[in-house]
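Secondary and tertiary structure notes
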Amino acid sequence: QVQLVESGGGLVQAGGSLGLSCIYSGRLFDIYYMGWYRQAAGKGRELVAAIRIGGGEEYADSVKNRFGISRDRAKTTLYLQMNKLKPEDTAVYYCSVTAYGAKQYWGQGTQITVSS
């Protein structure tokens, strides 16, 4: 089992910046993929950004050059830095890790609201 606790989020004006953190703990040795997802009201959950433990990052086209994902191995924390926020970025954001055996774990979610 892996536990994920998110922090950050809130209300920000369009064009502003915000950072999210996600502390992960538990069975960590077989995690190979870590990411941030979001779900806007009335829409499905989508991948925002992810890190492959073996190397490489991926971003949704809508957030490229605005968002940055990173992790601190020592602090077992995953970060998402969001810049130049837009109203369409408004959603509940979730951190997630995937372990071998197709086990995916989720944080509790945190609301991001971007006002125009």
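Because the structure is a prediction, the values reported are computed rather than measured.

The rules behind each value
In every chain, residue numbers begin from 1 and rise along the written sequence. Only residues with pLDDT of at least 70 are given local features in this predicted model, and only at 80 or more are side-chain atom pairs given and counted; all residues enter the totals for whole chains, interfaces and linings. Side-chain numbers here rest on the full set of heavy atoms in the structure, without hydrogens or water. For two strands to count as paired, DSSP must find a minimum of two bridges between them. By the criteria applied, helices consist of DSSP H or I runs no shorter than four residues and strands consist of E runs no shorter than two, each listed in order from the N terminus. Classification of residues uses two cut-offs on accessible area relative to the type maximum, computed with a 1.4 Å probe and protein chains only: under 20% is buried, over 50% is exposed, and between them is partly exposed. Counted as positive: Lys and Arg. Counted as negative: Asp and Glu. His and the chain ends are not counted at all. A carboxyl oxygen of Asp or Glu within 4 Å of a side-chain nitrogen of Lys or Arg is what we treat as a salt bridge. Polar contacts, as used here, are pairs of N or O atoms within 3.5 Å; protein pairs need one atom able to donate a hydrogen and one able to accept it. Residues neighboring in sequence count only if both atoms are side-chain atoms. Here, residues are in contact when the closest pair of their heavy atoms is within 4.5 Å. Structural elements are reduced to axes, namely lines fitted to C-alpha atoms, with helices fitted over the stretch in contact, and the angle between N-to-C directions of any two is expressed from 0 to 180 degrees.

Focus on the pairing of strand 10 (residues 103-106)
Of the pairings in the sheet, the one linking strand 9 (residues 91-99) to strand 10 comprises four bridges and is antiparallel in character. Paired with S96 across the strands is W106, a residue of strand 10. Between the antiparallel neighbours strand 9 and strand 10 lie three residues, among them G101 with a positive phi of about 95 degrees.

Here we look at the pairing of strand 11 (residues 110-115)
Here strand 11 shows a buried face lined by T110, I112 and V114 and an unburied face lined by Q111, T113 and S115. When strand 2 (residues 10-13) meets strand 11, the two strands line up parallel, connected through four bridges. Note on strand 11: the bridge partner recorded for V12 is V114. Across three bridges, strand 9 lies against strand 11 in antiparallel orientation. Within strand 11, the residue paired with V92 across the bridge is Q111.

Structural notes on the side chain of E6
Mapped onto the elements of the fold, E6 is located in strand 1 (residues 2-8). For the buried residue E6, which engages in no salt bridge, the nearest side chain bearing the opposite charge is R45, 7.9 Å off. A distance of 2.9 Å separates a polar atom in the side chain of E6 from the backbone nitrogen of G109. A distance of 3.3 Å separates a polar atom in the side chain of E6 from the backbone nitrogen of T110. Setting aside anything within four residues of it in sequence, one finds E6 in contact with S21, C22, W36, Y93, Y94, C95, G107, Q108, G109 and T110.

Let's talk about the pattern of salt bridges
Applying the stated rule across the entire model yields six salt bridges. K64 serves as the salt-bridge partner of D61, at 3.1 Å between the closest nitrogen and oxygen. Residue class for D61 comes out exposed when judged on its relative accessible area of 64%. With relative accessibility at 42%, the residue K64 sits in the partly exposed group. Between D89 and R66 there is a salt bridge, with the nearest N and O atoms lying 2.8 Å from each other. With D89 in the loop between strand 8 (77-82) and strand 9 and R66 in the loop between strand 6 (57-59) and strand 7 (67-72), this pair connects stretches of sequence that are 23 residues apart.

Digging into the sheet that holds strand 3 (residues 18-26)
Strand order across the open sheet formed by four strands is 1-3-8-7, with antiparallel pairing between neighbours. Every other strand in the sheet has two partners, leaving strand 1 and strand 7 as the edge strands with one partner each. Sheet twist, expressed as the average angle between the axes of neighbouring strands with direction ignored, equals 15 degrees. Of the pairings in the sheet, the one linking strand 1 to strand 3 comprises seven bridges and is antiparallel in character. Across the sheet, the residue bridging to L4 is Y24, located in strand 3.

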